[in-house]
Amino acid sequence: MANNKLRKSDAEQNQILSSLRQEHQERQAGYRERALKLFPWVCARCTREFEGKKVRELTVHHIDHNHDNNPPDGSNWELLCLYCHDHEHTRGVQEDRLDGATDIDLKTDALAHSPFAGLAAHFKQTKK
Ligand SMILES: [Zn+2]
Ligand SMILES: [Zn+2]
C-alpha cells in the first residue's frame with residue numbers, strides 16, 4: 001500500500017515536472033522566436049553574429065531576470081550567445097539561481113544536438 005502510494009506520487013511528480021518543463025520550453029520558444037524577429041542576430045555582449053543553424057546558440061536574456069515579463073516590444077529582452085549569457089548570470093549567482101537553472105537547461109539542450117547527431121550517424125555506420 002505505502003509502496004504503491006509512493007510510486008504513484010513519484011510518477012505524478014515526474015509528470016508534473018515534465019509538463020512544467022514542456023510549458024517552459026514552449027514559452028521559451030514563443031518569446032525566443034519573437035525576439036529573433038525583433039533583433040538582429042548578434043550577441044549584445046561580444047557582438048558575434050549568428051546565422052543558419054548557429055542561431056540556436058543565441059539565447060534570450062531577460063534584462064530584469066523575470067522570464068514572465070515579455071513585453072511585445074522586446075524591451076525586456078536581450079539576445080546573448082550561450083557564453084555571454086552564462087557570464088551574465090554567474091555575476092549574480094545567489095539571486096538568480098532559478099533563472100540560471102533554466103539557462104543551464106537551454107545550454108545542455110543546445111550543446112546536446114551536435115554530439116547526439118554525430119552519435120546517430122556513427123551508429124548507422126557501424127550497423128552496416
Ligand atoms: Zn556573446
Ligand atoms: Zn538570462
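**So, the overall build of the chain**
Counting its regular elements, the chain contains 3 helices and 2 strands. Considering the chain as a whole, with its 128 residues, one finds that 12% of them fall into the buried category. The long-range share in the chain, meaning contacts at least 24 apart out of those at least 6 apart in sequence, stands at 52%.

**Side note on the environment of Arg48**
Looking at the secondary structure, you find Arg48 in the loop between helix H1 (2-38) and strand E1 (58-62). Along the primary structure Arg48 and Leu58 are separated by 10 residues, whereas in three dimensions their C-alpha atoms are 9.7 Å apart. Setting aside residues up to four positions removed in sequence, Arg48 forms contacts with Val42, Cys43 and Cys81.

**Things to note about the nonpolar core**
Taken as a class, soluble globular proteins show a tendency for nonpolar side chains to be buried jointly. Counting 9 residues, the largest nonpolar core consists of Tyr31, Cys43, Leu58, Val60, Trp77, Leu79, Leu80, Cys81 and Cys84. Those elements that provide at least two residues to this core are E1 and strand E2 (77-81). Of all the elements, E2 adds the most residues to this core, at 4 residues.

**Structural notes on the confidence of the model for the chain**
The pLDDT averaged across the chain works out to 78; a share of 64% of its residues lies at or above 70. Looking at the elements of the chain, mean pLDDT is at its lowest for helix H3 (residues 97-127), recorded as 52, and at its highest for E2, recorded as 97.

**Side note on helix H2 (residues 82-90)**
Within H2, the full set of buried residues consists of Cys84, His85, Glu88 and His89. For H2, the arc enclosing every buried residue in end-on projection is 135°, short of the 170-degree limit, so these residues lie on one face.

**Topic: the environment of Glu88**
With respect to the helices, strands and loops of the structure, Glu88 is situated in helix H2. In this structure Glu88 comes out as buried when scored by C-beta crowding, with 21 C-beta atoms within 10 Å. Through-space distance from the C-alpha of Glu88 to that of His61 is 8.8 Å; in sequence the pair is 27 residues apart. Residues in contact with Glu88, not counting those within four places in the same chain, are His61 and Leu80.

**Some words on unusual backbone geometry**
Phi at Thr47 takes a positive value of approximately 60°, unusual for a residue other than glycine. With respect to the secondary-structure elements, Thr47 resides in the loop between H1 and E1. Notably, His65 is not glycine yet its phi reads approximately 65°, a positive angle. Here His65 is to be found in the loop between E1 and E2.

Definitions and cut-offs
- Residues numbered from 1 in each chain as written.
- Chains lettered and ligands numbered in written order.
- Predicted model: local features only at pLDDT ≥ 70, side-chain atom pairs only at ≥ 80, totals over all residues.
- Helix = DSSP H or I, 4+ residues; strand = E, 2+ residues; numbered from the N terminus.
- Buried ≥ 20, exposed ≤ 12 C-beta atoms within 10 Å, placed from the backbone.
- Contact = placed C-beta atoms within 7 Å.
- Core = buried A, V, L, I, M, F, W, Y, C linked by C-beta atoms within 7 Å.
- pLDDT = per-residue confidence, 0-100.
- Arc of directions from axis to C-beta.

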